[in-house]
Amino acid sequence: MMGTVPTDPPLDCDLCPRLVAFREEMNAQHPDWFNAPVPSFTSPDPRLLIVGLAPGMRGANCTGRPFTGDYAGDLLYETMLDFGFATGHYDARPDDGLQLRDAMITNAVRCLPPQNKPTGAEIKACRPFLLSTLDDNPSIRAVLALGRIAHETFLSAMELRRASFAFGHGACHELGVRNLVMFDSYHCSRYNTNTGRLTTEMFRSVFSDIREFLPEA
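Cut-offs applied
Residues numbered from 1 in each chain as written. Predicted model: local features only at pLDDT ≥ 70, side-chain atom pairs only at ≥ 80, totals over all residues. Heavy atoms only, no water. Core = buried A, V, L, I, M, F, W, Y, C linked by side-chain atoms within 4.5 Å. Buried < 20%, exposed > 50% of the residue type's maximum accessible area, 1.4 Å probe, protein only. Helix = DSSP H or I, 4+ residues; strand = E, 2+ residues; numbered from the N terminus. Contact = heavy atoms within 4.5 Å. Pairing = 2+ DSSP bridges. Axes fitted to C-alpha atoms, helices over the stretch in contact; angles between N-to-C directions. Phe/Tyr/Trp six-rings, centres within 6.5 Å; stacked < 30°, edge-to-face > 60°. Lys NZ or Arg CZ within 6 Å of the ring centre and 35° of its normal.

Caption draft 1: Geometry of the nonpolar core. Core analysis: the largest hydrophobic core is formed by 29 residues, its most contacted members being Leu48, Met80 and Phe207. Of all the secondary-structure elements, those providing two or more residues to this core are β2 (48-52), α3 (71-82), β5 (103-107), β6 (142-146), β8 (181-185) and α7 (200-213). At five residues, the largest contribution of residues to this core is made by α3. Leaving out residues up to four positions away in the same chain, methionine 80 has contacts with Ile50, Phe85, Ala86, Leu100, Ala103, Ile105 and Phe207.

In structure tokens:
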């Protein structure tokens, strides 16, 4: 990859052969889906960056907007609306008029991986886009990692030791780089909510902490 790295991969990105093959397979089965690297969803000058692991098959890979179209988005956007990090109405469609406020949402890996499990090499290949996103948005002060893998991936991108910042739901870490503070949450997936690992109240508690750190302007 030569020159300046863009914040989002090109729609025909070919860095990861396995993901390209899976993308082509999805395009053959569902030609009306987005089936491409999913760009970040953002407001101007965001202070909060929310990082997921990768697009969901019937979520972002289908709609082209992070956390849009699957259950995780229902909980995430409802909570963001309640805490003032979004405005409008979420209707699980990229044209629903929802707008973010003081926030950005991205994924550590921008393409849909088979079984929702990107490899270490694929995570590393996508890392330059995450770093470029941070470079292009110096207003970011808080990072919300959705799940342990997103947490560890972000730390690796920042070249920080994972052992120094243990993942835990509700944890808060001063990273010591880029003036960033990281907040941790279990992923807002249907599996986690159905099993009780993550309740709505637990998720809202994390956003309450974030809002205390980033008071509304």
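Caption draft 2: Quick look at the sheet that holds strand β7 (residues 172-174). The mixed open sheet is built from six strands, whose spatial order is β1-β5-β2-β6-β8-β7. Of all the strands in the sheet, the pair left with one neighbour each is β1 (41-42) and β7. Inspection of the sheet shows β2 paired to β6 by four bridges, in the parallel sense. When the sheet's bridge partners are listed, leucine 48 is paired in β6 with alanine 142. Docked against the sheet, α3 engages β1, β2 and β5, running at close to 165 degrees with respect to β5. Set on the sheet, α7 makes contact with β2, β6 and β8; between it and β8 the angle comes to about 165 degrees.

Caption draft 3: Geometry of the packing of aromatic side chains. As enumerated under the stated definition, the model contains seven aromatic pairs in all. Considering the side-chain rings of phenylalanine 183 and phenylalanine 213, the 5.9 Å spacing of their centres and the 55 degrees angle between planes classify their relative orientation as tilted. Placement of the pair is phenylalanine 183 in strand β8 and phenylalanine 213 in helix α7, with a sequence separation of 30 residues. Judged by its relative accessible area of 4%, phenylalanine 183 falls in the buried class. Cluster of aromatic residues (ring-pair linked, three or more members): Phe83, Phe85, Phe203 and Phe207. Its guanidinium or amino end placed over the ring of tyrosine 186, arginine 197 lies 4.0 Å from that ring's centre, counting from NZ or CZ. A cation over a ring is seen here: arginine 211 above phenylalanine 85, with NZ or CZ 3.9 Å from the ring centre.

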